[in-house]
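# Per-entry structural report
In case you want the letters, here they are:
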Amino acid sequence: MEVHPPFQDSVLETPAFNRIALALDYSSSDPLVVSYALKLAKPGTQFILIHVAESASSRMMEEDTDDYEKRHDEARMSRYIQLFKDQGFETSFEVGHKNRVKFIAKVCNYYQADLLIVGSHGHRGLKDFIYGETVNRLRHRVDIPVFIAQ
């Protein structure tokens, strides 16, 4: 009985990444997420930018909140959108307020994304466990490749 399947010397054909979703947390990992996304893009690629707001008022009031963090998040998202548009790419965005894993998966499914790129957060210890578990849960909620930029 063989332990491994027979070696296949042909390369599988995989679909192009026409719609790439980016989970942006506005941390130091975002520039890497954006850089990889642009490297994987081709003419006509569409980008879906996703951010989940984490302030207490955002969690309670969702999009009705008008706190400093929301205004700051909107300004930052506008800059990201402009960056992609300046490169000639069609760009959409979605902002969520609760359950980041569920929201990111929902957006990926809605837009029929071909690839999801997330940051590694660069955390160690307990935060690595928490955020690493988030990525792990996320990859089980989507049916597309998940690229972890680190």
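Structure: above.
Rules used in this analysis
- Residues numbered from 1 in each chain as written.
- Predicted model: local features only at pLDDT ≥ 70, side-chain atom pairs only at ≥ 80, totals over all residues.
- Heavy atoms only, no water.
- Helix = DSSP H or I, 4+ residues; strand = E, 2+ residues; numbered from the N terminus.
- Buried < 20%, exposed > 50% of the residue type's maximum accessible area, 1.4 Å probe, protein only.
- Lys, Arg positive; Asp, Glu negative; His and termini not counted.
- Salt bridge = Lys/Arg side-chain N within 4 Å of Asp/Glu carboxyl O.
- Polar contact = N/O pair within 3.5 Å; in protein donor to acceptor, adjacent residues only side chain to side chain.
- Contact = heavy atoms within 4.5 Å.
- Phe/Tyr/Trp six-rings, centres within 6.5 Å; stacked < 30°, edge-to-face > 60°.

In this section: the side chain of D30. Examined against the element boundaries, D30 turns out to sit in helix α1 (residues 30-40). As a buried residue without a salt bridge, D30 has its nearest oppositely charged side chain in R76, at a separation of 4.9 Å. Within polar-contact distance, the side chain of D30 engages the backbone nitrogen of Y26 at 2.7 Å. Polar side-chain contacts of D30 include one of 3.2 Å to the side chain of Y80. Beyond its immediate stretch of four places on either side in the chain, D30 contacts A23, L24, D25 and Y80.

The next thing to look at is the packing of aromatic side chains. By the definition in use, this model includes five aromatic pairs. Between F47 and F89, the aromatic rings sit 5.1 Å apart at their centres with planes inclined by 90 degrees, giving edge-to-face as the arrangement. One end of the pair, F47, is in strand β2 (residues 46-52); the other, F89, is in the loop between α3 (68-86) and β3 (90-96), with 42 residues separating them in the sequence. The pair formed by F47 and F89 is uniform in burial state, with each residue classed as buried. Grouping aromatic residues by their ring pairs yields a cluster made of F47, F84 and F89.

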